Amino acid sequence: MWGYFCLNAILVILIVVVGFYAIVGITLENHARDRVEHAGRDMASTLKKEESANVHDKLLSYRDEGVNLYIFHADGERLQPTDSAGVYDGLYKELNEYLKDSKVGSDKFYRSGNKLNYAIVAENKNGDRIYILSSYSMSIVRETVGALQLWLLFAGGIAMLLALLFSYEFSKHLTRGLNIMSEKAVRLAHGDYEVEFANANYREMAQLSDSLNYVRDEVKKSEDFQREILANTTHDLKTPLTMIKAYASMIMEISGNNPEKRNKHLQVIINESDRLTGLVNDVLSVSKLRSNMETINLSVFDLTGLVYAIVEKFGYLQESQGYTFMIDIQPNLYTYADEEKIYQVLYNLIGNAANYTGADKTVYISLKSNFDGTINEFFVRDTGNGISEEELPEIWNRYYRVKENHPRPVKGTGLGLNIVKAILENHSFVFGVDSEVGKGSEFWVYFPAVPPEVYNEVINSENI
């Protein structure tokens with residue numbers, strides 16, 4: 001990061017220095033061109049109106065400013081300056097070469113050596129053709145640019161040094177927080193869930209800290225859930241396996257020749273095998289639903305009949321443990337969904353209510369159409385201890401199970417509500433739960449309604 005900061009600072013400073021150097025050089029040269037042009041045109045205007053003495057004074061004035069003026073008659077006579085230095089002898093030849101075919105008022109810029117020259121054709125007040133040369137030494141410009149270049153290099157070096165120091169401190173300050181967060185992330189990856197991500201120096205870092213804290217909490221929660229499901233599943237799998245082994249031994253050693261006892265013991269083995277299969281299927285169902293491996297086979301089916309069939313499955317609880325299922329089911333309600341998966345949803349919801357209902361062992365089940373007949377509303381309510389507001393969002397999570405001290409008549413892995421959620425979300429159905437501590441819980445699902453005549457048409461077409 002510091003390398004990127006340094007590179008950026010160097011590039012910016014180089015661009016500024018080079019750009020400023022180019023601008024200064026161009027500006028000074030343009031200024032020199034303006035000066036020699038102004039001096040030449042001013043002298044042409046003076047020659048047109050004034051005597052040679054005044055011309056000489058103006059020539060000396062421009063010379064003090066660094067601009068040398070030379071005036072020649074068109075036939076070669078040097079009019080100004082009036083000294084006899086031989087340095088002027090070659091100037092006329094240059095002027096005549098550039099201006100001999102030019103009209104009065106024509107001008108030209110050209111260079112000779114390190115001098116910038118401006119030549120113009122003029123007339124004096126007598127109408128004679130005059131050549132004027134205005135010359136400026138560019139060595140002055142080069143010296144000025146060179147001096148500025150040294151100052152720019154010096155200032156650029158200081159600025160670059162300061163930029164490197166600043167970028168080093170800034171990158172160190174920025175990466176310090178990242179390094180701390182990285183170290184904590186490694187600790188989190190090794191199972192330390194006590195780490196606290198905190199960085200409020202920058203908004204993005206603060207957001208990252210919040211996200212990592214959320215990930216930490218979710219990973220810890222998932223780890224706790226997995227430990228709990230491992231314990232629950234181990235216990236729930238161990239019990240039927242023990243029963244199967246025990247009753248198989250009893251058949252072999254005791255009841256093998258007694259048909260009545262043998263059949264009774266075999267039925268226990270079958271029931272425990274079914275229970276074991278259900279536990280394994282729950283685990284597999286969650287994996288398949290979460291990975292979208294299972295497809296939804298939609299069809300129109302009798303929702304009323306399906307609810308009745310499921311309630312009958314829990315008849316053993318009424319006979320053996322005194323449970324009561326209060327039902328309020330409207331006849332002839334149909335829906336469009338995957339019948340097998342909806343069976344699993346309703347079975348899990350009713351079983352969950354049986355597990356957590358109160359001492360009266362009562363479960364309330366309702367299935368009715370809404371006022372306009374577009375929705376079939378399913379409700380199942382228990383009379384248990386209810387669920388706190390803090391726990392309510394968690395009950396749909398995988399492996400979550402509200403801890404209760406009373407025995408659960410319907411054994412499970414804690415995956416039931418997670419399976420319900422996955423199936424209903426795949427169907428895009430509306431569902432939820434309402435609960436109050438001390439007053440029980442009510443789970444509800446809204447199924448799309450299919451008119452009876454549509455259901456009859458579907459049945460008739462299938463029979464055909």
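My aim in this report is to walk through the structure given alongside it, one point at a time.

Cut-offs used in this document
- Position labels on residues start from 1 in each chain and follow its written sequence.
- Local features are withheld for residues below a pLDDT of 70 in this predicted model, meaning they are given only at 70 or higher, and side-chain atom pairs are given and counted only at 80 or more; totals for whole chains, interfaces and linings count all residues.
- Each side-chain value is derived from all of the structure's non-hydrogen atoms; neither hydrogens nor water enter the calculation.
- To get an axis, fit a line to the C-alpha atoms, keeping to the stretch in contact for a helix; angles then go from 0 to 180 degrees between the N-to-C directions.
- Here a strand is any run of E in DSSP of at least two residues, a helix any run of H or I of at least four, and the numbering for each starts at the N terminus.
- Comment on the angle field: the value is read as roughly parallel under 35 degrees, roughly antiparallel over 145, roughly perpendicular from 65 to 115, and oblique elsewhere.
- For any pair of crossing helices, the crossing counts as left-handed if the nearer helix is rotated counterclockwise from the farther one by less than a right angle, and right-handed if it is rotated clockwise.
- Contacts are assigned to residue pairs that have any heavy atoms within 4.5 Å of one another.
- Charged residues are taken to be Asp, Glu, Lys and Arg, nonpolar residues to be Ala, Val, Leu, Ile, Met, Phe, Trp, Tyr, Cys and Pro, and polar residues to be all remaining types, Gly included.
- Exposure classes here rest on a 1.4 Å probe applied to the protein chains alone. A residue is buried below 20% of its type maximum, exposed above 50%, and partly exposed in between.
- For two strands to be treated as a pair, DSSP must find at least two bridges joining them.
- By definition, the arc is the one covered by directions from the helix axis to the C-beta atoms.
- Under this definition, polar contacts are N or O atom pairs within 3.5 Å; protein pairs additionally need one hydrogen-donor-capable and one acceptor-capable atom, and for neighbouring residues in sequence, both atoms have to be side-chain atoms.
- Any helix carries an expected span of 1.5 Å times its number of residues minus one.
- Working definition: rings of Phe, Tyr and Trp (its six-membered ring) pair if their centres are within 6.5 Å, and the pair is stacked with planes under 30 degrees apart, edge-to-face with planes over 60 apart, and tilted otherwise.
- Take the buried residues of types Ala, Val, Leu, Ile, Met, Phe, Trp, Tyr and Cys, join any two whose side-chain atoms come within 4.5 Å, and each joined set is a nonpolar core.

As a further point, take the packing of helix H7 (residues 303–313) against helix H9 (residues 339–356). Between H7 and H9, the shortest axis-to-axis distance is 10 Å and the interhelical angle comes to 45°. Classed by the angle they form, the pair H7 and H9 counts as oblique. Between H7 and H9 lies a crossing of right-handed hand. The segment H7 lies against H9, with Leu303, Leu306, Val307, Ile310, Val311 and Lys313 engaging Glu339, Ile342, Tyr343, Leu346, Tyr347 and Ile350. The residue inventory of the contact of H7 with H9, partitioned by class, reads 10 nonpolar, no polar and two charged.

Attention shifts here to the environment of Pro451. Looking at the element boundaries, Pro451 is found in the loop between strand E12 (440–450) and helix H11 (452–463). Judged by its relative accessible area of 38%, Pro451 falls in the partly exposed class. Between the alpha carbons of Pro451 and Asn332 there is a distance of 8.9 Å; along the sequence they are 119 residues apart.

Now for the pairing of strand E10 (residues 375–382). Pairing between strand E9 (residues 362–369) and E10: seven bridges, direction antiparallel. Bridge pairing in E10 places Lys368 opposite Glu377. Between E9 and E10, which follow one another and run antiparallel, lie five residues, and Gly373 among them has a positive phi close to 75°. By the bridge criterion, seven bridges tie E10 to E12 in an arrangement that is antiparallel. Within the sheet, the bridge partner assigned to Phe379 lies in E12 and is Trp444.

Turning to H7, its buried residues number three or more, namely Leu303, Thr304, Leu306, Val307, Ile310 and Val311. Buried residues of H7, seen end-on, are gathered within an arc of 165° and therefore sit on one face of the element. Taking the backbone nitrogen of Thr304 as reference, a side-chain oxygen 3.1 Å away marks Asp302 as the first, capping residue of H7.

Take helix H10 (residues 416–427) next. End to end, H10 covers 17 Å across 12 residues, agreeing with the expected 16 Å (1.5 Å per residue, within 8%). H10 sits mainly inside the fold: nine of its 12 residues count as buried. Every buried residue belonging to H10 is among Gly416, Leu417, Asn418, Ile419, Val420, Ala422, Ile423, Leu424 and His427, and all of these are buried. Just downstream of H10 lies Ser428, where phi reads positive at about 60°.

What follows covers the packing of aromatic side chains. If you walk through the whole model with that rule in mind, you get nine aromatic pairs. Considering the side-chain rings of Tyr343 and Tyr347, the 6.3 Å spacing of their centres and the 15° angle between planes classify their relative orientation as stacked. Of this pair, Tyr343 and Tyr347 are both found in helix H9, four residues apart, which corresponds to roughly one turn of the helix. The partly exposed category is assigned to Tyr347, whose relative accessible area is 27%. Taking the centre distance of 5.2 Å and the plane angle of 75° together, the rings of Trp396 and Phe431 count as edge-to-face. Placement of the pair is Trp396 in the loop between E10 and H10 and Phe431 in strand E11 (residues 430–436), with a sequence separation of 35 residues.

The next subject is the sheet that holds strand E4 (residues 115–123). The strand order E2-E1-E5-E4-E3 describes an open sheet built from five strands, whose pairing is antiparallel. The open sheet terminates on both sides in strands that have one partner only, identified here as strand E2 (78–80) and strand E3 (107–112). Each adjacent strand pair in this sheet contributes to an overall mean axis angle of 25°, direction not counted. Inspection of the sheet shows strand E1 (residues 67–73) paired to E2 by two bridges, in the antiparallel sense.

As a further point, take the nonpolar core. Within the largest apolar cluster, 41 residues are counted, with the highest numbers of intra-cluster contacts made by Ile342 and Phe378. Elements with a minimum of two residues in this core: H7, strand E7 (324–329), H9, E9, E10, H10, E11 and E12. Looking at this core, the element that brings in the most residues is H9, giving seven residues. Apart from residues no more than four positions distant in its own chain, Ile342 is found in contact with Phe301, Leu303, Leu306, Ala337, Leu424, His427, Phe429 and Phe447. Membership of the second largest hydrophobic core comes to 20 residues, among which are Val55, Leu59, Tyr118 and Ala122.

Of note in this structure, Asn332 is not a glycine but carries a positive phi near 60°. Position of Asn332 relative to the elements: it lies in the loop between E7 and strand E8 (334–337). Residues other than glycine seldom take positive phi values, yet Ser428 does so here, at roughly 60°. Considering the arrangement of structural elements, one finds Ser428 in the loop between H10 and E11. The exposure class assigned to Ser428 is exposed, which follows from its relative accessible area of 64%.

This part takes up the side chain of Ser135. You can see Ser135 is positioned in strand E5 (residues 129–137). Exposure remark for Ser135: the relative accessible area of 4% places this residue in the buried category. Those residues in contact with Ser135 that lie beyond four places of it in its chain are Val36, Gly66, Val67, Asn68, Tyr70, Lys115, Leu116 and Asn117.

Let's shift gears to the packing of H9 against H10. Put simply, H9 and H10 touch, their axes get as near as 9 Å, and they point 145° apart. Judged by the twist between their axes, the crossing of H9 over H10 is left-handed. Residues Lys341, Ile342, Gln344, Val345, Asn348, Leu349 and Asn352 of H9 form the contact with H10, whose own contacting residues are Gly416, Leu417, Ile419, Val420, Ile423, Leu424 and His427.

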